[in-house]
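Residue-level structural notes
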Amino acid sequence: MSILIDKNTRLLVQGITGNEGMFHTRQMVAYGTNVVAGVTPGKGGEWVLDGKIPVFDSVRIAVEATGANTSVIFVPARFAADAIFEAADAGIPLIVCITEGIAVQDMMCVRNYLDQKKCRLVGPNCPGLLSPGQSKVGIIPGDISIAGNVGIVSRSGTLTYEVLYALKLRRIGVSTCVGIGGDPINGTNFIDVLSMFEDDPHTEQVVLIGEIGGSDEEKAAEFIATRMTKPVVGFIAGQTAPPGKRMGHAGAIIEGGSGLAKDKIRALEDAGVKVARHPEEIPDLLNPTAMA
Amino acid sequence: MKLHEYQSKQIFSRYGIPIPKGRVASTAQEAKQIAEELGGKVVIKSQVLVGGRGKAGGIRLAKNPTEAEEVATQILSMEIKGLPVRKVLVDEAANISSEIYLGITNDRAARKPVIMASSSGGVDIEEVAQVSPEKIIKVHVDPLLGLRDYQARDVAAGIDLPREHWKSFISITHGLWKVYTECDATLAEINPLVITAENQLIALDGKMIIDDNALFRHPEFSEMRDLDAEAPSEIEARKYGLSYIKLDGDIGCMVNGAGLAMTTMDIIKLFGGNPANFLDIGGGANADKVAAAFRIILSDPNVKAVLLNVFGGITRCDEVAHGIVAAMQEVKPKVPLVVRLVGTNAEEGREILSNAQMITAETLVDAAQKAVAASKGELQ
């Protein structure tokens, strides 16, 4: 019914005792996610959430004690790269980094290190993952989506919520929603997720939400044209953004004439993707026969 | 953040990269004095954070100190692409025999730093990149290994640099690599790196951009920021942790999240309106932040309507609503306000706003259409 996370996800929260870590741990537990441990260096031995979740000093010890198989990172930007290295070295196969604002040279080191390891990073600067009805890892509000067979992959945060909500209002359900994050250097790209959706028997069609900057949407278009059998609907944010201006995300900047919305839209349309003009048009473009 | 040429070159010099003798001046008298100290011909260079300074007349030669004073007077009274010239760099003039381009930046597709070099350096490097990209060689560096000697040699060989200059070029390349990594630059560039008539390599011009996300490691850069290059409203926004960019339209936008903010601008355009700005209040925005955002948007006299679109996740709609009420009491806006609140605590948010004078919307399309109509005076 899903990719990357499901009922078997045993989640560890890095930075669990911080404000954001605590708030979202509560939300994830309320959703039904199996949160087995937290890590905050110096607070090992404490328990949080009314004594339900043990806190450890290091990821390695937490994994040994609880068998955690996924980690979500809420630590501040200056410590986040280290938290990713720690999770990777502890053998966690799936690391989801929510933290925004990690220095780009730190991320280049992280990415080049992880390429030599058998683990997957989602993010940073992302809302995380949601497999409706099964598990929620990150900060996507749980009540704006229902279970179904549409896979969603997005570079954005709140824009993703907007799309999930627009689908829910039309009773269209989601297998998994993956927020890959808006940073220029990230762990998982569109193609990684598209290929997982293509292989997932429960995902019947896919929504891809991109934005200006970089060339990941163009590469995704090529993948869709040559490798995907499932229908894809797209949306690209930033059609009115002036070139050379940084639109909030490190990712959302147009550099030297490339990364324009119109080029991405054309590439996707050439690959047979139906591209919506605005988020609320996405449900109209999905294949109705494939709906639950 | 961008650094000025003189700031970049001072940093280069600390890493062993040869630069011309010279100093920065804020007055024509200082410029004259520096020219006297240097003796001989000097070049007077405006220090503004835009490209094309030379073509705008902001870089000129002076034969002697008196001429240096005259030229500096003129350049210091200039505006280049809207930016006032407040400082000039007075450098010893070099006898240029050839010009090389050497730069290091992040290659996001390769996820590695890349060294770029060309024997056709100088002002037209961007044209070279477009017309004959084969003249620019690129060497990717593993960020975990750092720059290796053989890679620096590959760069030298790749641009057909005469062998007599290899040693000095390789040392400059290593220096620039250290500048790039130790300063957390997203760009460290020497253009041109000149070979002088005396057969020396000198970094005649320098440019650096520092990763804003790494500034916590570099308190030394905070006082180097040139506020002239940013609109006052953008500086004010940064103070509150808001991301604001002024545009030319007349519908002010306040949104949480960059992707949704861009989408809100796009949909306004789709329905025939024009966004006045990009504004991302960020995640977890509180009432103070919202009030500040509101003031900033309304400080733009072109704004004829404001669209507030918040999809509550971490951000709570009731907090946003409190911020709007506080800001409205303070600024008393004369333009119509269209509000759409969805998600976390949206009901409470709408309740708080129910007594205020504003237009509410349910869907994104509805919100955009109402904002466009309001901006044209068709909806009050």
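Residues numbered from 1 in each chain as written. Chains lettered and ligands numbered in written order. Predicted model: local features only at pLDDT ≥ 70, side-chain atom pairs only at ≥ 80, totals over all residues.

**Describing the interface of chain B and chain A**
Between chain B and chain A, the contact holds 44 residues from the first and 44 residues from the second. Those elements that place two or more of their residues in the side of chain B that touches chain A are strand S9 (112-118), strand S14 (243-246), helix H9 (258-270), strand S16 (277-280), strand S18 (337-343) and helix H13 (364-375) of chain B. Top contributing element to the side of chain B that touches chain A by residue count: H9(B), with 11 residues. (Contact = placed C-beta atoms within 7 Å. Helix = DSSP H or I, 4+ residues; strand = E, 2+ residues; numbered from the N terminus.)

**Regarding the domain arrangement of chain B**
Domain boundaries in chain B define domain 1 (21-92), domain 2 (96-222) and domain 3 (230-375). Computed from C-alpha atoms alone, the centre-to-centre distance between domain 2 of chain B and domain 3 of chain B is 43 Å. (Domains from an automatic or database assignment.)

**Some remarks on the sheet that holds strand S4 (residues 59-62) of chain B**
All names here are of chain B. Taking strand neighbours across the sheet as the criterion, the 4 strands line up as S2-S7-S3-S4 in an open arrangement whose pairing is antiparallel. Edge positions in the open sheet fall to strand S2 (22-25) and S4, since each of these has one partner strand only. Strand-to-strand twist across the sheet, computed as the mean angle between neighbouring axes with direction ignored, equals 20 degrees. By the bridge criterion, 4 bridges tie strand S3 (residues 42-46) to S4 in an arrangement that is antiparallel. The residue bridging Val-42 from the neighbouring strand is Ala-62, located in S4. Docked against the sheet, helix H2 (residues 28-38) engages S2, S3, S4 and strand S7 (88-92), running at close to 170 degrees with respect to S2. Together, S2, S3, S4 and S7 form the strand contacts of helix H3 (residues 65-76), whose direction differs from that of S3 by roughly 10 degrees. (Pairing = 2+ DSSP bridges. Axes fitted to C-alpha atoms, helices over the stretch in contact; angles between N-to-C directions.)

**Description of the nonpolar core**
Taken as a class, soluble globular proteins show a tendency for nonpolar side chains to be buried jointly. Ranked by size, the top nonpolar core spans 189 residues in total, and within it A:Ile73, A:Ile84 and B:Leu279 carry the most contacts. Every residue in contact with A:Ile84, bar those within four places of it in the chain, is listed here: A:Ile73, A:Ile95, A:Cys97, A:Val110 and A:Leu121. (Core = buried A, V, L, I, M, F, W, Y, C linked by C-beta atoms within 7 Å. Buried ≥ 20, exposed ≤ 12 C-beta atoms within 10 Å, placed from the backbone.)

**Section: the environment of A:Ile5**
Residue and element names in this part refer to chain A. On the secondary structure map, Ile-5 appears in the segment before strand S1 (11-14). Along the chain, Ile-5 and Ile-140 lie 135 residues apart, while their C-alpha atoms are 14 Å from each other. Setting aside its immediate chain neighbours within four residues, Ile-5 contacts Thr-70, Leu-129, Ser-131, Ser-135 and Val-137.

**A few points about the domain arrangement of chain A**
Residue and element names in this part refer to chain A. In terms of domain boundaries, chain A breaks down into domain 1 (11-122) and domain 2 (140-287). Of note, the centres of domain 1 and domain 2, computed from C-alpha atoms alone, are 26 Å apart. In this assembly, 10 residues from domain 1 lie in contact with 9 residues from domain 2. When contributions to the side of domain 1 that touches domain 2 are tallied by element, the ones reaching two or more residues are helix H1 (19-31), helix H4 (104-114) and strand S7 (120-122). For the side of domain 1 that touches domain 2, the leading source of residues is H4, giving 5 residues. Classifying every residue of the side of domain 1 that touches domain 2 by side-chain character gives 7 nonpolar, 1 polar and 2 charged. (Nonpolar A, V, L, I, M, F, W, Y, C, P; charged D, E, K, R; others polar.)

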